[in-house]
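Chain by chain, the residues:
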Amino acid sequence: QVQLVESGGGLVQAGGSLRLSCAASGRTFSSYDMGWFRQAPGKEREFVAIITSGRSTRYVDSVKGRFTISRDNAKNTVYLQMNSLKPEDTAVYYCAADPGTRSYLSVSSKKYDYWGQGTQVTVSS
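Residues numbered from 1 in each chain as written. Predicted model: local features only at pLDDT ≥ 70, side-chain atom pairs only at ≥ 80, totals over all residues. Heavy atoms only, no water.

Points about the pairing of strand 4 (residues 33–39)
Heads up, the rule is: Here the term buried applies to any residue with accessible area under 20% of the maximum for its type, exposed to any over 50%, and partly exposed to those in between, with areas from a 1.4 Å probe on protein chains only. In this text, helices come from DSSP runs of H or I with a minimum length of four residues, and strands from runs of E with a minimum of two, each type numbered from the N-terminal end. Here, a strand pair is defined by DSSP locating no fewer than two bridges between the strands.
Counting buried positions over the 7 residues of strand 4 gives 6, a clear majority of the element. Two elements, strand 4 and strand 9 (residues 91–98), share 7 bridges in a ladder whose sense is antiparallel. Bridge pairing in strand 9 links tryptophan 36 to cysteine 95. Sheet topology places strand 4 next to strand 5 (residues 46–51); 5 bridges connect them, and they run antiparallel. Across the sheet, residue glycine 35 finds its bridge partner in strand 5, namely isoleucine 50. Counting the residues in the hairpin turn of strand 4 and strand 5 gives 6 residues, including glycine 42, whose phi is positive at 75 degrees.

Brief notes about the pattern of salt bridges
The test is simple: Here, a salt bridge means any Lys or Arg side-chain nitrogen found within 4 Å of an Asp or Glu carboxyl oxygen.
This structure, assessed with the given rule, holds 6 salt bridges. Across the pair aspartate 61 and lysine 64 runs a salt bridge, and its minimum N-O distance is 2.9 Å. According to the relative accessible area criterion, aspartate 61 is exposed, its value standing at 60%. A salt bridge links arginine 66 to aspartate 89, with the nearest nitrogen and oxygen atoms 2.8 Å apart. You can see arginine 66 sitting in the loop between strand 6 (57–59) and strand 7 (67–72) and its partner aspartate 89 sitting in the loop between strand 8 (77–82) and strand 9, a full 23 residues away along the chain. Owing to a relative accessible area of 10%, arginine 66 belongs among the buried residues under this scheme. Judged by its relative accessible area of 1%, aspartate 89 falls in the buried class. Through salt bridges with shared partners, a single network forms among Arg38, Glu46, Arg66 and Asp89.

Overview of the packing of aromatic side chains
Geometry of an aromatic ring pair is reported as the spacing of the ring centres plus the angle between the planes. Let me state the cut-off plainly: When two rings of Phe, Tyr or Trp (its six-membered ring) have centres within 6.5 Å they constitute a pair, described as stacked for plane angles under 30 degrees, edge-to-face for angles over 60, and tilted for the intermediate range. Charge-over-ring placement is defined geometrically: NZ (Lys) or CZ (Arg) within 6 Å of the ring centre, and within 35 degrees of the ring normal.
With the rule as written, the count across this model stands at 5 aromatic pairs. Between phenylalanine 37 and tyrosine 112 the ring centres are 5.5 Å apart and the planes differ by 80 degrees, which places this aromatic pair in the edge-to-face class. Placement of phenylalanine 37 in strand 4 and of tyrosine 112 in the loop between strand 9 and strand 10 (114–115) is noted, with a sequence separation of 75 residues between them. One exposure class covers both phenylalanine 37 and tyrosine 112, and it is buried. Summarising the aromatic geometry, the rings of tyrosine 112 and tryptophan 115 are spaced 6.0 Å apart at their centres and angled 70 degrees between planes, so their arrangement reads as edge-to-face. Of the aromatic side chains, those joined through ring pairs into one cluster are Phe37, Phe47, Tyr112 and Trp115. It is arginine 102 that lies over the ring of tyrosine 104; its NZ or CZ is 4.4 Å from the centre.

This is the structure we're talking about:
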């Protein structure tokens, strides 16, 4: 069982920055593929970013150049640095873990077995 706890959300003005953190339990965090997703009111959950155990990354087009996903295996934590935030980034942000034996880049939520509770990000115009 893997537990995920997100933090770092909040209210920020457009153009501002936030850094989300996701702390994971488990002795083999370094082998997990980790992802960030978001869900805005009335919309489906969408992929934001992924970092594999080998540190390969992929982003949704709308955040490329603004968001950066990273991981600190010594702290069992994955981060999402969000810069130049826009009102359309407003959503609940979720981290997800895939502790499976095969590491691969995917934008599908079906890849992940474990999810955090989410953290609210609100960007005002």
